[in-house]
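Remarks on the overall topology
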Amino acid sequence: MKNNILLEVRNLHISFSTYAGTVQAVRGVDFSLNVGETLAIVGESGCGKTVTVKSIVRLLPQDVAKIHGDNVGITLDGEDLLSLEEVEMSRVRGKRIAMIFQDPMTSLNPTMKIGDQIGEVLLIHKNVSKKEARLQALELLQMVNIPNAEQRIDQYPFEFSGGMLQRVMIATAIACDPEILIADEPTTALDVTIQAQIIELIKNLQRERDMGVILVTHDLGVVASMADRIHVMYAGQIVERGTADEIFYSPKHPYTLALLKSVPKLTEDKQEPLYSLIGTPPDLINPPHGCSFAPRCEFAMKICRIAEPSPTLFGGYHESCCWLHHPKANKSGVPEILLREVV
Amino acid sequence: MTDRETLLEVRNLKKHFKIGRKSIVKAVDDVSFDVFRGETFGLVGESGCGKTTCGKTILGLHKPTGGEVIYDGMDVHALDSDRKKDFTKIAQIVFQDPYSSLDPRMTVGDIIGEGMDIHHLCKDKGEREERVFDLLQTVGLNREHINRFPHEFSGGQRQRIGIARALAVEPEFIVCDEPISALDVSIQAQIVNLLMQLQREKQLTYLFITHNLAMIKYISDRVGVMYLGNLVELAGSKQLYEMPYHPYTQGLLSSVPVPDPRIERRKETAPLRGEIPTSINPPPGCRFASRCDYAREVCYEVMPPLIEIEDEHFVACHLMASP
């Protein structure tokens, strides 16, 4: 059982000041990543998943994004990343924690050759000569299965397809053998057959290098194929966490259940209407009182709109923040799967 | 399924775009299929396979390079201007991007009402307003939204406006061009349910274009799979998903990650190798040959015809023609 904590995020709050008011994008997020595991953060647009992972590598605009919270902390191997000076942080970013982004077309520098972009990381973080950096860049390109790497290394991003650019991004990210790879919607912009190739590539690299991977996505299929543990985010908070099996087969939060039910499955036949959640996520400038999901929740009770639910533990680290699990909650009409005891 | 009526006939449709002096993009190349009244016909494929061009050419938004589109007995591309206007009342489209397909300077009321004005569907202002109210309600929006502008709405709401706009002229046929791919999962379900409900209530026929394989299985009666401008397989959606014959369809279906960890862990098929080649000056023969594990000599030379290998199941592959 691998259980050595690599990265820990504690009580993370992030707010952005905008002209309309302060957006509380992340409101008390905790999680930890173990060596070699894949942790998925799932949620819809605007739930704060990207902001959360960007704060780990300090990529948020410092003038508008404020990280706060009691006893807030982001620790990598015992070292508090929040208290690092920018110079020290730049030694972590790209070297110990690397990140790949959703849109490979806009994340690479269009005026730099592919080889130079990969080599740049090596020149900055490792004590290598330019010649050596180029050689390693070539090896990396081959490692991520770019055909004709010898020619491709001198080409520019516009000469690559989206899938190929994502491979280049991955090559850049793994150049310094990071302990953690953050993949923010790595396949969302890609076609399914290319997506399958990229997922396969990330999985293989992770196995070979024993990297911890934080996967941010809204695609439950991708999550099912990659994640060991899953955190479901809604309106800046983690509403449920658990292993992949716990989340998929025994969800304990109505939002998780709704997400699972609203995607049609290839293995199912056409049935009558797809389950759909009413309404839209709340405005995070004025987050609702109580549970933020209550306005859209079909099982919402009085208490849900007054007080925030605290997490209920279902064994292991399967946890759900929902009042339904309170002993006094009225459980009539609630689907059995949400209440079922986990064995 | 015997008493079905063919509403739309697409016959050997071709749409080529010239780029530069010598290069031709064969976006749609010899595609034929029928759409029956009241059904949802799904057109699925990866980006660049020509599915959107196909949809737009069917509606007359592009002039075809060859072939014809027969809608209810009339040749869509040979209509005079009056008849063409009539056709825009019969056939409508919902676009992919709800952000760029609504005029930012028009109010919701005018966006929805414009089509009614053009076709003189309302006697006076009052009736127009009433009908716009009705449409807003039909798609799940409120009366108060009539004087607002598109930027005041979320993606899902804009897509609802786009649907209301299409419905305003009471069409019988709607091309839905990736209407849900720009939306979040929970919102996708809302829009799909809305489209299905409208289909039932108004007996609409849909041509549903998407790259989302799970969704298209869910909503379509029949599905056509496109690859690089060609239709490679066509079958009832259940048949297609249970028994795909074309190697591309097989690869495509096994690439979709299923939201079920146990199934995913058991999955052992290797993903389809390579990428879609460019559709500029494509080589002769089967377009998929360069990525196909079973490709033989003939595949690189002759384009395989679409043949019916089972009842209502068409495949364009040399493997199926002569095993």
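**Regarding the sheet that holds strand 5 (residues 74-75) of chain B**
All names here are of chain B. Pairing in this open sheet of four strands is antiparallel, and the strands run 2-1-4-5 from one edge to the other. Looking along the sheet, the strands with just one partner apiece sit at the ends: strand 2 (23-36) and strand 5. Two strands pair when backbone bridges link them, and strand 1 (residues 6-19) and strand 2 are joined in this way by 10 bridges, in the antiparallel orientation. Looking across to strand 2, one finds that Thr-6 is bridged to Phe-36.

**Comments concerning the interface of chain A and chain B**
Counting residues at the interface gives 38 residues for chain A and 34 residues for chain B. If one sorts the elements of the side of chain A that touches chain B by residue count, helix 8 (residues 192-209) of chain A sits on top with seven residues. Its residues assigned to classes, the side of chain A that touches chain B comprises 18 nonpolar, 13 polar and seven charged.

**As for the domain arrangement of chain A**
Residue and element names in this part refer to chain A. Each domain of chain A was delimited in the assignment, giving domain 1 (38-53 + 84-227) and domain 2 (237-339). Computed from C-alpha coordinates alone, the two centres of domain 1 and domain 2 are separated by 33 Å. Listed by partner, the interface residues are six residues for domain 1 and six residues for domain 2. Among the residues making up the side of domain 1 that touches domain 2, the classes are represented as four nonpolar, one polar and one charged.

**Digging into unusual backbone geometry**
Residues and elements named next belong to chain A. Residues other than glycine seldom take positive phi values, yet Arg-58 does so here, at roughly 55°. Its place among the elements puts Arg-58 in the loop between helix 1 (49-56) and strand 4 (65-68). The residue Glu-185 is not glycine, and still its phi comes out positive at about 45°. Tracing the chain through its elements places Glu-185 in the loop between strand 8 (180-184) and helix 8. Taking the number of C-beta atoms within 10 Å as the measure of exposure, Glu-185 has 20 and is therefore buried.

**Description of the nonpolar core**
Residues and elements named next belong to chain A. If you look at the biggest cluster of nonpolar residues, it comprises 185 residues, and the most contacted ones within it are Ile-182 and Ile-214. Counting only domains with at least three residues in this core, you end up with domain 1 (38-53 + 84-227) and domain 2 (237-339). Residue contacts for Ile-214: discarding those within four places in its chain leaves Leu-33, Leu-39, Ile-41, Val-53, Ile-180 and Ile-182.

**Quick word on helix 9 (residues 247-255) of chain B**
Taking burial as the measure, the nine residues of helix 9 of chain B include seven buried ones, the bulk of the element. Among all positions in helix 9 of chain B, only Pro247(B), Tyr248(B), Thr249(B), Gly251(B), Leu252(B), Ser254(B) and Ser255(B) are buried. On its buried face, helix 9 of chain B is in contact with helix 8 of chain A together with helix 7 (213-219), strand 9 (222-227), strand 10 (230-236) and helix 8 (237-242) of chain B.

**As for the packing of helix 3 (residues 108-118) of chain B against helix 5 (residues 155-167) of chain B**
All names here are of chain B. One way to put it is that helix 3 packs onto helix 5 with a least axis distance of 7 Å and a crossing angle of 30°. With respect to their mutual orientation, helix 3 and helix 5 come out roughly parallel. As helix 3 runs across helix 5, the sense of the crossing is right-handed. Of the residues in helix 5, those in contact with Val-108, Ile-111, Ile-112 and Gly-115 of helix 3 are Ile-161, Ala-164 and Arg-165. Tallied by class, residues from the contact of helix 3 with helix 5 come to five nonpolar, one polar and one charged.

**Considering the packing of helix 8 of chain A against helix 9 of chain B**
To describe two helices that pack against each other, one gives the angle between their axes and the distance between the axes. Relative to each other, helix 8 of chain A and helix 9 of chain B sit at 55°, their axes nearing to 8 Å. With respect to their mutual orientation, helix 8 of chain A and helix 9 of chain B come out oblique. In this structure, the crossing between helix 8 of chain A and helix 9 of chain B has a hand that is left-handed. For the pair formed by helix 8 of chain A and helix 9 of chain B, the contact residues are Val192(A), Thr193(A), Gln195(A) and Ala196(A) on the first element and Gly251(B), Leu252(B) and Ser255(B) on the second. Considered class by class, the residues forming the contact of helix 8 of chain A with helix 9 of chain B number three nonpolar, four polar and no charged.

**Details of the pairing of strand 10 (residues 229-234) of chain A**
Residue and element names in this part refer to chain A. Taking burial as the measure, the six residues of strand 10 include six buried ones, the bulk of the element. Residue alternation in strand 10 divides its side chains into two sets, Arg-229, His-231 and Met-233 and Ile-230, Val-232 and Tyr-234, and both sets are buried. Of the pairings in the sheet, the one linking strand 10 to strand 11 (residues 237-243) comprises six bridges and is antiparallel in character. Paired with Met-233 across the strands is Ile-238, a residue of strand 11. What sits between the antiparallel neighbours strand 10 and strand 11 is a turn of two residues, in which Ala-235 has the positive phi angle 50°.

**Here's the deal with the confidence of the model for chain B**
Of the residues in chain B, 98% have a pLDDT of 70 or more, and the chain-wide mean is 90. If you check the scores for this complex, the pTM reads 0.88 and the ipTM reads 0.82.

**Some thoughts on the environment of Leu313(A)**
Residue and element names in this part refer to chain A. Of note, Leu-313 is situated in strand 12 (residues 311-313). Judged by local crowding, Leu-313 falls into the exposed class, with 10 C-beta atoms found within 10 Å. Put simply, Leu-313 and Glu-240 are 73 residues apart on the chain and 10.0 Å apart in space, counted from C-alpha to C-alpha.

**Some words on the pairing of strand 9 of chain B**
Residues in a regular strand point their side chains to alternate faces of the sheet. Residues and elements named next belong to chain B. Most of strand 9 sits out of view: six of its six residues are buried. Taking every second residue as pointing to the same face, both faces of strand 9 are buried, with Arg-222, Gly-224 and Met-226 on one and Val-223, Val-225 and Tyr-227 on the other. With four bridges joining them, strand 3 (residues 40-44) and strand 9 adopt parallel strand pairing. Across the sheet, residue Leu-43 finds its bridge partner in strand 9, namely Gly-224. Here six bridges tie strand 9 to strand 10, and the two strands are oriented antiparallel to one another. Along strand 10, the bridge assignment pairs Arg-222 with Gly-236. In this structure, the hairpin formed by strand 9 and strand 10 is closed by a connection of two residues, where Leu-228 is found at a positive phi of approximately 45°.

What counts and what doesn't
- Residues numbered from 1 in each chain as written.
- Chains lettered and ligands numbered in written order.
- Predicted model: local features only at pLDDT ≥ 70, side-chain atom pairs only at ≥ 80, totals over all residues.
- Pairing = 2+ DSSP bridges.
- Helix = DSSP H or I, 4+ residues; strand = E, 2+ residues; numbered from the N terminus.
- Contact = placed C-beta atoms within 7 Å.
- Nonpolar A, V, L, I, M, F, W, Y, C, P; charged D, E, K, R; others polar.
- Domains from an automatic or database assignment.
- Buried ≥ 20, exposed ≤ 12 C-beta atoms within 10 Å, placed from the backbone.
- Core = buried A, V, L, I, M, F, W, Y, C linked by C-beta atoms within 7 Å.
- Axes fitted to C-alpha atoms, helices over the stretch in contact; angles between N-to-C directions.
- Parallel < 35°, antiparallel > 145°, perpendicular 65-115°, else oblique.
- Left-handed = near helix turned anticlockwise from the far one by under 90°.
- pLDDT = per-residue confidence, 0-100.

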